[in-house]
2 protein chains.
Amino acid sequence: MIDLAHLDAVAGIVGASHLVGPGSDTGPYEQGARHDRGRAAFVVRPADTREVSQVVAYCVRHAIHLVPQSGNTGLVSGSTPDMSGRQGVLSLERLRGLDLDPANRTARVGAGVRLSALNEALEPHGLFFPIDLGADPMMGGMVATNTGGARFLRYGDVRRNVLGLEVVLPDAQGTVLDLASPLRKNNVGADLKQLFIGSCGAFGVVTQAVVEVHRRPAQTATAILVPRDDDALVELLVLFEELAGEYLSAFEGMSRPAMQAAIAHAPAVRNPFARGEIPAYAVLVELTRSWANADGEAPLDAVLEGILTRIWERDDAPLADALVARSDEAWALRHAISEGLKASGHLLGFDLSFRRADLPAFRRFMLAELGARHPAWRVCDFGHVGDGGVHFNLVHPHAAGPVPRESIEALRAFVMGEAVTRFGGSFSAEHGLGRANQVFYDAYAPDALKRVTGALLGAITHHPLGTPRLGPPPAAQGAR
Amino acid sequence: MIDLAHLDAVAGIVGASHLVGPGSDTGPYEQGARHDRGRAAFVVRPADTREVSQVVAYCVRHAIHLVPQSGNTGLVSGSTPDMSGRQGVLSLERLRGLDLDPANRTARVGAGVRLSALNEALEPHGLFFPIDLGADPMMGGMVATNTGGARFLRYGDVRRNVLGLEVVLPDAQGTVLDLASPLRKNNVGADLKQLFIGSCGAFGVVTQAVVEVHRRPAQTATAILVPRDDDALVELLVLFEELAGEYLSAFEGMSRPAMQAAIAHAPAVRNPFARGEIPAYAVLVELTRSWANADGEAPLDAVLEGILTRIWERDDAPLADALVARSDEAWALRHAISEGLKASGHLLGFDLSFRRADLPAFRRFMLAELGARHPAWRVCDFGHVGDGGVHFNLVHPHAAGPVPRESIEALRAFVMGEAVTRFGGSFSAEHGLGRANQVFYDAYAPDALKRVTGALLGAITHHPLGTPRLGPPPAAQGAR
C-alpha cells in the first residue's frame, strides 16, 4: 500500500477532489477495453500541464510508478496499472484545451480531448482530424500509441499529423518540454517530439498536441469487391491506386467469418451479397473527395462505376464480384466486426502488419497451420489491406467450450513469432506496446535497438537504473 | 595535419583508391553549393555499410572528426568540412543500392542514390518519389536534412515518406542499427529512426532508406494568380484547399523582384503577364491527378478554369488577376528564381517558415524595416505558401558595390531574430542546421530542448564530453 503522506502531498497539488484514493471508486481507471484488469494505488487528475509537472516530479522523487491514462480505449494494457496495487494512474482527462486555427488547418488539443469532440469543433469549418476508428480515444492516448485506423492509406497515422507536442518528462523536476509548434516545417535539429509518439508514455507524458487537420470529405462512393482469388487482392489494390489515385481513401479487407460475426451480432447490418451468400473474402473500397460537385463534373459514384467497368473489361480481371454499396451500410458492416467477434466467443486479437504483397501468403500459411494445430479457433481476420495492416483475430466459439489457458499462450507465441520471423511483419502495427506486448518486444526487438532505446530512456529520465519510471515501460523494460 | 598511420588504416578498410589524401583532389568535397568552403584532412569513400561501420569505428576510437557527405547540394554548410583541415569527409556516394517494390509502393535506396536516378528507376512503374527540388541531392543528404520542396502541401517532407532507415552510430563499434523496414505501421516502441532524420548526421550516418513512393501525376493544370492584396493570399490558399481539395499539389508564392531576376537571367523564361507588367506578388497554383482522363471526365484544365470562375464570382473576390498557364512555362519561371537571384548580386538566403496566416504580416514588417535599415538590399522572397515556408532571400545588387561584411551579419541576426521571436517562425524550415545555422540554434533553441538533445546524443555516442563526434554538430554543439 502507498504511504498516506504521499497521497496527501499529491492531493495538495491537484486538490482533494481530484485524487481518488484506494478504497474509493478507482474501478473505471483500472480496467481496459479488452482483457486487462489492474489495481491502482490511486488516481490523480491534474487540471493542467503545471499540475502534471508537479505530480510527475513528486512521484519521480519518491519512486512512485505512474501510468498515464487518457481515454483508456487502448487494446494492449498500455493505460492501466498492473495488479501490484503500487502504481498510480495519472489521468489526463481534465486537459481539455482546444484551440482551432482554420487558416493554418491546425488545432491545439489537450491530452484529454476526445476524438469526437475535436471533430465536432472542426465540423463547422469543413475540417476534420482524419484518424478513423471504432473507439473514441483522447488525444493523449492517440499520440502515445500512434493510432492508425481505416483511412491510413490516405491520411497516414497520428504521427503524420502531429506538428507539435508539449510533454512532461519523467525526471525529478517534471521538466516541461514545449515542442508545441504549429509550424509544418522546422528542421532545427533532432525532432525530439517523435520520441514521445508511439512509445506509450515511457519517454514522457503528452499533455498537448498541435495537429494538422484536413478538409472533410464532401462526397463518398463505396463498393464491396470480391477478389477473384487470394493473389488478386493486392492486384486490385494496385489497380485502384492507379485508377482512383487521389480519391482512394480506404481499402479494407474482411474475411467470411468476420462478416458472418458482424451480421449475426448486429441484425441491423444488411447482408449486401446476392442471396446472402457471404464470399470467402471481400474488400470495402472507398473513394472520397473534399469538394462538392462542380458543374459538369461526374458524381463520385459514377467515377467509381467507371473504374469498376474498366477493371471488369481487363483480361483476367482480378474481380469475382463487385457491388456498389451505400457508404453507411458498407461501413456499418465493417465496423460491426469487432463487436461481432467479441460476442461470438473468446477473442484473441492480433494487430499485425506486413509488406502489402505478403498479406495473402501470411493468411494462407496461417489458415493451414492453425487449422491443423488449433482447430477449435476460427480465423476471423479483417483489416487495412491498403497499408499492410491486418487484425488477424481468432475466436474460440462459445459452443467449443472453455478456452484452455495454455492454448492462448501457445497461439500468441506462434502467430507473433511467424509474423515477425517468417514474414518480416510487425507484431504491433497500430495499437502500441503496453504490457500485453512486452514479452514480444523482449523476444523480437534487435539487441542494438533495445540497447539504444534503453540508453535514450536513461538519458531522458536521468534515473539510476531500477528506479520506478513512468508508464507501462514499453521498449524500456526489455532494454535495461 | 592528420597522422599518416591513420590514413593507412582507413585506406586498409576501403582500398587505397577510395581514400583521397591531403594534397590530392579533395576540392569537390570541400566546397558546398552556396558560400561554404572548407579543408578536408582526407576523403574516404566506403563501398557499403560494413565499410562505413569500420571507418566510423576507427575514427571514433582515434578521435578523428568525420563529416558525412552524399550529394553535397545542401545550403547550410552541413556536408562540408570546416577550415581547420582536421575533419575527414565520409563520402557516401558509392552506396548506390536500389531495390524497388512496386506492389508495396516502396523503394530501398542507398545513401548515394541521386533523386533523379531514383525517379528514373520508378518511372516505368508509374511511380515517383515526390520531393520536388531545384537541386539533385542524394538520399543520405535528403534524409539528414529532411528536405521539403515544392509539393510539400500534397506529399509532405522526406520524413513523411521514410518508412525505414539503416544507420551507423558514431560509437567505438560503429554499431549498425538496422531500422530499414518496409512496413507502413510498426509501433513496437520508440521510433528511433526519427532521430536521424533532419539532424544532419550528428546522431549517426544514414546508409540506406526505405521510402514510400507515389503514383506519378498523369495530368497537371497550372495557373498564375495575382492576389487582390496581401491578406488575400491566405484567403486564396484556403479557397483552393476547399474547391480543389485532393487535386491541389502546389501553391507557390513569388515576389516581383524574384520574378524579375528569373526573367532577366533566363531569357527563355516567358513573362506570362499582360504587357509584361510583373505584379507585386503572384502565386503558382498547380492541380495534379495521378490518373488519365476517363470517359466523360472533365480534363483538369477545365476543372481549374471552373474553380477560377467560382472564385471570380464571389463578392470581394481575393483575385486581381488569374492566368491559366502552361505548366512547363510556369514552373520554368518558378525554378529560374534561385539562379536568377544568384546572378543578380550577392545573395543572402533565408529558409523560414510560419503559421500560414502570419506570412503576409511577416513580409509587410520586413519590407518596412529592411527598407529603412538596409536600403541597398532588395527583398526577393518566394516560397511555399501552402506549407508556410518562405525563402526570404535578399540580394545586394552588383550595381550597389561591394557588400560590407558587417551588414551581412547584422541582417542575418535581424531577420532570424524577428522571424523566431516576433512571429514564432522557424529559422530553418527545410534546409537543416549545419554550421551555417549553429549560431541561431545556440540563440533560439529553448534550454530544455538543448539539454535533452545533448543528453540523447551523449547516450547514443557513448563518448566522454569533448571527444570529436560525427558531423557538423547540429543541436549537439550548442547542447554540450
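Keep in mind it's a predicted model, so treat the numbers as computed, not measured.

Peer 1: Give a description of the overall build of chain A that names residues and reports values.
Peer 2: The secondary structure content of chain A amounts to 16 helices and 21 strands. On C-alpha atoms alone, chain A measures out to a radius of gyration of 23 Å, which is about the 23 Å that the 2.2 N^0.38 rule sets for 480 residues. Seen through its C-alpha atoms, chain A measures out along the principal axes to roughly 75 × 60 × 45 Å. For chain A, with 480 residues in total, the buried portion stands at 65%. Taking the intrachain contacts of chain A between residues at least 6 apart in sequence as the baseline, contacts between residues at least 24 apart amount to 73%. In the form shown here, chain A has an accessible surface area of approximately 16800 Å², with 51% of it arising from carbon and sulfur atoms.

Peer 1: Account for the relation of the copies chain B and chain A, naming residues and giving values.
Peer 2: Rotating chain B by 180° and moving it 0.0 Å along the rotation axis overlays it on chain A with an RMSD of 0.0 Å. Viewed as a symmetry operation, the transformation between the two copies matches a two-fold axis. Here 100% of the contact residues of chain B are again contact residues in chain A; the copies associate through an equivalent surface.

Peer 1: Describe the pattern of salt bridges, and please don't skip the residues or the numbers.
Peer 2: Enumeration according to the criterion identifies 60 salt bridges over all chains in this entry. Among the salt bridges present, the one from Asp191(A) reaches Arg159(B), with a minimum N-O distance of 3.5 Å. One end of the pair, Asp191(A), is in the loop between β9 (176-179) and β10 (205-212); the other, Arg159(B), is in helix α7 (residues 158-161), on a second chain. Pair check on accessibility: Asp191(A) and Arg159(B) agree, each one buried. The salt bridge partner of Arg151(B) is Asp132(B), with a shortest N-O separation of 2.8 Å.

Peer 1: Explain the packing of helix α12 (residues 359-373) of chain B against helix α13 (residues 405-422) of chain B to me, and be specific about the residues and the numbers.
Peer 2: Residue and element names in this part refer to chain B. It is the contact of α12 with α13, at a shortest axis distance of 12 Å, that shows an interaxial angle of 150°. With respect to each other, α12 and α13 are oriented roughly antiparallel. Taken as a pair, α12 and α13 cross one another with a handedness that is right-handed. Taken together, the residues of α13 that come into contact with α12 (itself represented by Phe-362, Phe-365, Met-366, Glu-369, Leu-370 and Arg-373) are Leu-411, Phe-414, Val-415, Glu-418, Ala-419 and Arg-422. Of the residues assigned to the contact of α12 with α13, the class counts are 8 nonpolar, no polar and 4 charged.

Peer 1: Go over the environment of Ile307(B), please, and point to the residues and values.
Peer 2: Position of Ile307(B) relative to the elements: it lies in helix α10 (residues 300-312). On a C-alpha basis, the gap between Ile307(B) and Leu239(B) in space is 9.2 Å, while along the polypeptide they are 68 residues apart.

Peer 1: I'd like to hear about the interface of chain B and chain A, residue by residue, with values.
Peer 2: Tallying the contact residues gives 80 residues for chain B and 80 residues for chain A. Summed over both partners, the interface of chain B with chain A comes to about 6800 Å²; 57% of that surface belongs to carbon and sulfur atoms. Among the residues of chain B in contact with chain A, Lys185(B), Asn187(B) and Glu246(B) are the three that bury the most area, contributing 13% of the side total. Inspection of the region where chain B meets chain A yields 14 salt bridges. Every element with two or more residues in the side of chain B that touches chain A is listed here: α6 (152-155), α7, β9 (176-179), α8 (232-244), β14 (281-289) and α15 (447-461) of chain B. The class makeup of the residues in the side of chain B that touches chain A is 35 nonpolar, 24 polar and 21 charged.

Peer 1: Explain unusual backbone geometry residue by residue, including any values.
Peer 2: A positive phi angle is found at Cys200(A), which is not glycine, with a value near 55°. In the Ramachandran plot, Asn146(B) falls in the positive-phi region, its phi being about 50° despite a non-glycine side chain. Inspection of the secondary structure puts Asn146(B) in the loop between α5 (139-145) and α6.

Peer 1: Which residues make up the nonpolar core, and what values do they have?
Peer 2: Of all hydrophobic cores here, the largest spans 186 residues; its most connected members are Phe240(A) and Phe240(B). Setting aside residues no more than four positions away along its own chain, Phe240(B) makes contact with Leu225(B), Gly245(B), Leu248(B), Phe251(B), Val285(B), Leu287(B), Leu304(B), Ile307(B), Leu308(B) and Ile311(B).

Peer 1: Lay out the domain arrangement of chain A in plain terms, naming residues and giving numbers.
Peer 2: All names here are of chain A. Domain boundaries assigned for chain A yield domain 1 (4-91), domain 2 (98-215), domain 3 (219-337), domain 4 (344-435) and domain 5 (446-479). Taken together, the contacts link 10 residues of domain 1 with 9 residues of domain 4. In total, domain 1 and domain 4 occlude about 700 Å² of area from one another, counting both sides; carbon and sulfur atoms represent 51% of this. The largest per-residue losses of area from domain 1 upon contact with domain 4 belong to Arg-34, His-35 and Val-76, which jointly make up 60% of the total buried on that side. The interface formed by domain 1 and domain 4 holds 0 salt bridges in total. The interface formed by domain 1 and domain 4 includes 4 residue pairs in polar contact (both at pLDDT 80 or more).

Peer 1: Help me get a handle on the side chain of Thr49(B), residues and values and all.
Peer 2: Here Thr49(B) shows up in helix α3 (residues 49-61). Setting aside chain neighbours within four positions, we find Thr49(B) in contact with Glu166(B), Val168(B), Val176(B) and Thr207(B).

Peer 1: Would you mind going over the sheet that holds strand β6 (residues 106-110) of chain A in detail, with residue names and values included?
Peer 2: Residue and element names in this part refer to chain A. As summarised here, the arrangement of the 5 strands in space is β5-β6-β10-β8-β9, forming an open sheet in which the pairing is antiparallel. Either end of the sheet is taken by a strand with one partner, and the two such strands are β5 (98-101) and β9. Each strand of the sheet is rotated relative to its neighbour by a mean of 10°, with strand direction disregarded. Where helix α4 (residues 115-122) meets the sheet, its contacts fall on β5 and β6, and the angle it forms with β5 comes to roughly 40°.

Peer 1: Give me the pairing of strand β21 (residues 394-397) of chain B: which residues, what numbers.
Peer 2: Residue and element names in this part refer to chain B. Residues Leu-394 and His-396 of β21 are buried on one face, and the alternating residues Val-395 and Pro-397, pointing to the opposite face, are buried as well. As defined by bridge partners, strand β16 (residues 345-348) adjoins β21 across 4 bridges and the pair is classed as antiparallel. What sits directly across from His-346, in β21, is His-396. Pairing of strand β18 (residues 378-379) with β21, which is carried by 2 bridges, proceeds in the antiparallel orientation. Residue pairing for β21: Arg-378 is matched across the bridge by Val-395.

Peer 1: Just give me the short version of the pairing of β9(A), but keep the residues and values in it.
Peer 2: Residue and element names in this part refer to chain A. Along β9, the buried face is formed by Leu-177 and Leu-179; none of Val-176 and Asp-178, which line the opposite face, is buried. Sheet topology note: the strand β8 (residues 162-168)/β9 ladder contains 4 bridges and is antiparallel. Following the sheet pairing, Val-168 is matched in β9 by Val-176.

Peer 1: So what's going on with helix α3 (residues 49-61) of chain A? Which residues, and what values?
Peer 2: Residues and elements named next belong to chain A. Over its 13 residues, α3 runs 18 Å from end to end, which matches the ideal 18 Å to within 8%, given 1.5 Å per residue. Counting buried positions along α3 yields 10 of 13 residues, so the element is predominantly enclosed. Buried within α3 are the following residues: Thr-49, Glu-51, Val-52, Ser-53, Val-55, Val-56, Ala-57, Tyr-58, Cys-59 and Val-60. The first or second residue beyond α3 is Ala-63, which carries a positive phi of 55°.

Peer 1: Let's hear about the packing of aromatic side chains: which residues, and what values?
Peer 2: In this structure the tally under the stated criterion is 21 aromatic pairs over all chains. Ring geometry for Phe240(A) and Phe251(A): centres 6.3 Å apart, planes at 55°, overall tilted. On the criterion of sequence distance, the pair formed by Phe240(A) in helix α8 (residues 232-244) and Phe251(A) in strand β13 (residues 248-255) is long-range, its members being 11 residues apart. Like Phe251(A), Phe240(A) is buried. Look at Phe427(B) and Phe440(B): their rings are 6.2 Å apart centre to centre, the planes differ by 50°, and that puts the pair in the tilted class. Of this pair, Phe427(B) sits in the loop between α13 and α14 (434-444) while Phe440(B) is found in helix α14, placing the two residues 13 residues apart along the sequence. On the basis of relative accessible area, Phe427(B) is assigned to the buried category, the value being 6%. When its relative accessible area of 6% is taken as the criterion, Phe440(B) is described as buried. Through a chain of ring-to-ring contacts, three or more aromatic side chains come together here, namely Phe354(A), Phe362(A), Phe365(A), Phe392(A) and Phe423(A). A cation over an aromatic ring shows up here: Lys185(A) above the ring of Phe152(B), its NZ or CZ 5.6 Å from the ring centre.

Peer 1: A description of the sheet that holds β18(B) should follow, citing residues and the corresponding values.
Peer 2: Residues and elements named next belong to chain B. With respect to topology, 3 strands assemble into an open sheet ordered β16-β21-β18, the strand pairing being antiparallel. Two strands in the sheet have a free side with no partner beyond their single neighbour: β16 and β18. The strands touched by helix α11 (residues 327-344) are β16 and β21; relative to β16, the strand with the most contacts, the crossing angle is about 125°.

Peer 1: Hey, could you go over helix α15 (residues 447-461) of chain A for me, with residue numbers and the actual values?
Peer 2: Over its 15 residues, α15(A) runs 21 Å from end to end, which matches the ideal 21 Å to within 8%, given 1.5 Å per residue. For α15(A), every residue scored as buried is listed here: Ala448(A), Leu449(A), Lys450(A), Val452(A), Thr453(A), Gly454(A), Leu456(A), Leu457(A), Gly458(A), Ala459(A), Ile460(A) and Thr461(A).

Peer 1: Any chance you could break down the environment of Pro81(A) for me, citing the residues and the numbers?
Peer 2: Residue and element names in this part refer to chain A. Here Pro-81 is to be found in the loop between β3 (66-69) and β4 (87-91). Its relative accessible area of 0% is what places Pro-81 among the buried residues. A C-alpha to C-alpha distance of 6.2 Å links Pro-81 and Val-67, two positions 14 residues apart in sequence. Apart from residues lying up to four places away in sequence, Pro-81 is in contact with Tyr-29, Glu-30, Arg-37, Gly-38, Arg-39, Ala-40, Val-67, Gln-87, Val-89 and Arg-435.

Cut-offs applied
Residues numbered from 1 in each chain as written. Chains lettered and ligands numbered in written order. Predicted model: local features only at pLDDT ≥ 70, side-chain atom pairs only at ≥ 80, totals over all residues. Heavy atoms only, no water. Helix = DSSP H or I, 4+ residues; strand = E, 2+ residues; numbered from the N terminus. Rg over C-alpha atoms; globule rule 2.2 N^0.38 Å. Buried < 20%, exposed > 50% of the residue type's maximum accessible area, 1.4 Å probe, protein only. Contact = heavy atoms within 4.5 Å. Areas by Shrake-Rupley, 256 points an atom, 1.4 Å probe, with all protein chains shown as cover. Least-squares fit on C-alpha atoms with pLDDT ≥ 70 in both. Salt bridge = Lys/Arg side-chain N within 4 Å of Asp/Glu carboxyl O. Axes fitted to C-alpha atoms, helices over the stretch in contact; angles between N-to-C directions. Parallel < 35°, antiparallel > 145°, perpendicular 65-115°, else oblique. Left-handed = near helix turned anticlockwise from the far one by under 90°. Nonpolar A, V, L, I, M, F, W, Y, C, P; charged D, E, K, R; others polar. Buried area = accessible area lost by both parts, 1.4 Å probe. Core = buried A, V, L, I, M, F, W, Y, C linked by side-chain atoms within 4.5 Å. Domains from an automatic or database assignment. Polar contact = N/O pair within 3.5 Å; in protein donor to acceptor, adjacent residues only side chain to side chain. Pairing = 2+ DSSP bridges. Expected span 1.5 Å × (residues − 1). Phe/Tyr/Trp six-rings, centres within 6.5 Å; stacked < 30°, edge-to-face > 60°. Lys NZ or Arg CZ within 6 Å of the ring centre and 35° of its normal.

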